[in-house]
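Residue strings, one per chain:
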Amino acid sequence: MNISVIGAGQMGAGIAQVFAVGGHTVSLIDISQESLDRGLAAIRKSLERIVKKEKITAEQLEAAMKNIQTYTDMGAGAQDAELVIEAATENVDLKLKIFAQLDSIAPASAPLATNTSSISITRIAAATKRPDKVIGMHFMNPVPVMKLVEVIRGYATSDATTQLVMDLSRELGKVPVEVNDYPGFVANRILMPMLNEAMYTLWEGVGGVAEIDTVMKLGMAHPMGPLQLADYIGLDTCLAILNVMKEGFGRQHYQPCPLLVNMVTAGKLGRKSGEGFYDYSAGGKELIVSSSFK
C-alpha cells in the first residue's frame, strides 16, 4: 500500500517507520530537507536498536529504509497515495491548510487521516470535499513501541474508512480503539488534566520535580512521572492540547498552569529543546532536574 506521511518530526518519523517495516511504501513529506534528513536518521537509529534486540534482521532494516522516499513537495509525495497520514504540529490552522491542499492532490479514493492529539476531526474534515474519508489515527509516542492507536470518527466518517484504518492498525501489530470526536478524545482528555495538575502542584510549592514524579511512579505504578512525561511529549504540545480542551468544553479545570505557559513562552519545551522540567543537555539517560527548579 502506498502511504504518504506529512511531517518528519518525532511522530511522523515513527509512523513512517512502522509502515515501512510492515512492507508498505512510504512517502515522507516535509517542507524542510533538513527535517527529512533528521527523520531518516532517527528511523535508522531506532531500527538499529531493534536489530540489536534481535527483533528484526539487518536485511529487514535495509529493506525498510528502501521503502521510504522523501519529498519536500506535497504534490509529488501525495499524488499516488492510497492513504495519507498527517503528523504536523498540533496547530488547527496549519492542519486545515494541509487538508485543503491534500484534498486537491491525493486521489479521490484515498482516506486522509490525522495524527492530531485533540483537534476536532469534524472540523478538519470540513476543509475537504471528502469528509467521509477523513479520520483520526492517533498513534502514541514512541510509535514503534506503543501498541495503542486511537481511531477517531468525525461526524461524517464512513464505516468503510473506519474499518480500513482499524484493519491496517492491526496489520501493523497495533491495538486500535474506536472513539468519538470530542476535544482530547479519550487519551488526552484523561492524561492532560493529570499532567496539568502535576504542574500546578509544582507551581504551588507542594513538592519538587523529582518528588512529584517519584510519588506517581512508586505510589501509582506509573512507568514515568507526569513531569517527565510532559517533557517527553513536548510542553508546547501539552499547552496546545489543554487550550483545545478549554476552548471546546469551556471548563476551568482545563486552564493551563501559568508555569506551563511561561516555560513554553521561554522556549523550554522539554526533550525537544534540551530543557524542560529536566535538563537533557548532557545527553545521558540519568534524569537531571532543571536548574530552574533547584
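As named in an unreviewed UniProt entry, the chain is 3-hydroxybutyryl-CoA dehydrogenase, taken from Neolewinella agarilytica. Looking at the chain in UniProt, the text filed under Sequence similarities (unreviewed entry) is "Belongs to the 3-hydroxyacyl-CoA dehydrogenase family."

*Asks:* I tried to follow the side chain of H24 on my own but got confused; where do I start?
*Replies:* Along the chain, H24 falls in the loop between α1 (10–21) and β2 (25–29). Reaching out from H24, the side chain makes a polar contact with the side chain of E171 at a distance of 2.9 Å. Excluding residues that lie within four positions of it along the chain, H24 makes contacts with M1, I3, F19, N67, L168, E171 and L172.

*Asks:* Explain the domain arrangement of the chain here, please?
*Replies:* What the domain assignment lists for the chain is domain 1 (2–180) and domain 2 (188–289). Placing a centre on the C-alpha atoms of domain 1 and another on those of domain 2 gives a separation of 26 Å. Across the boundary between the two partners, domain 1 contributes 8 residues, which contact 5 residues of domain 2. Of all residues in domain 1, E90, S117 and S118 bury the most surface against domain 2, accounting for 52% of the area lost on that side. At the surface where domain 1 touches domain 2, the tally comes to 0 salt bridges. Where domain 1 meets domain 2, there are 1 residue pair in polar contact (both at pLDDT 80 or more).

*Asks:* What is the right way to look at the packing of helix α2 (residues 33–52) against helix α3 (residues 58–66) in this model?
*Replies:* Between two packed helices, both the angle of their axes relative to each other and the distance between the axes serve to describe the pair. At their nearest, the axes of α2 and α3 sit 10 Å apart, and the two run at 160° to each other. As judged from the angle between their axes, α2 and α3 are roughly antiparallel. Once α2 is placed against α3, the crossing between them reads as right-handed. In contact with L40, I43, R44, L47, E48 and V51 of α2, α3 contributes A58, L61, E62, A64 and M65. When its residues are assigned to classes, the contact of α2 with α3 shows 8 nonpolar, no polar and 3 charged.

*Asks:* What am I meant to see in the UniProt feature "domain: 3-hydroxyacyl-CoA dehydrogenase C-terminal" (unreviewed entry) in the chain here?
*Replies:* UniProt's feature table lists "domain: 3-hydroxyacyl-CoA dehydrogenase C-terminal" (unreviewed entry) at residues 184–280, given in the numbering used throughout. Segment residues 184–280 splits into 62% helix and 0% strand. End C-alpha atoms: 28 Å apart.

*Asks:* How should I be thinking about the nonpolar core in this particular structure?
*Replies:* Generally speaking, soluble globular proteins have nonpolar side chains that are buried together. If you look at the biggest cluster of nonpolar residues, it comprises 34 residues, and the most contacted ones within it are I15, F19, L28, I43, I85, M137 and F139. With 7 residues, α1 is the largest single contributor of residues to this core. In this structure, I15 is in contact with V5, I85, A87, N115, F139 and V143, ignoring residues within four places of it in sequence.

*Asks:* Got a minute to help me understand the pairing of strand β7 (residues 148–153) in this structure?
*Replies:* Within a regular strand, the side chains alternate between the two sheet faces. A large share of β7 lies buried, amounting to 5 of its 6 residues. The sheet contact formed by strand β6 (residues 134–139) and β7 spans 5 bridges and is antiparallel. By the bridge assignment for β7, I135 is matched with R153. Each parallel crossover has a hand, and for β7 linked through helix α7 (residues 159–171) to strand β8 (residues 175–180) it is right-handed.

Definitions and limits used
Residues numbered from 1 in each chain as written. Predicted model: local features only at pLDDT ≥ 70, side-chain atom pairs only at ≥ 80, totals over all residues. Heavy atoms only, no water. UniProt positions renumbered as here; feature names shortened; annotations may be inferred. Helix = DSSP H or I, 4+ residues; strand = E, 2+ residues; numbered from the N terminus. Polar contact = N/O pair within 3.5 Å; in protein donor to acceptor, adjacent residues only side chain to side chain. Contact = heavy atoms within 4.5 Å. Domains from an automatic or database assignment. Buried area = accessible area lost by both parts, 1.4 Å probe. Salt bridge = Lys/Arg side-chain N within 4 Å of Asp/Glu carboxyl O. Axes fitted to C-alpha atoms, helices over the stretch in contact; angles between N-to-C directions. Parallel < 35°, antiparallel > 145°, perpendicular 65-115°, else oblique. Left-handed = near helix turned anticlockwise from the far one by under 90°. Nonpolar A, V, L, I, M, F, W, Y, C, P; charged D, E, K, R; others polar. Core = buried A, V, L, I, M, F, W, Y, C linked by side-chain atoms within 4.5 Å. Buried < 20%, exposed > 50% of the residue type's maximum accessible area, 1.4 Å probe, protein only. Pairing = 2+ DSSP bridges. Right-handed = clockwise from strand over helix to strand, strands pointing away.

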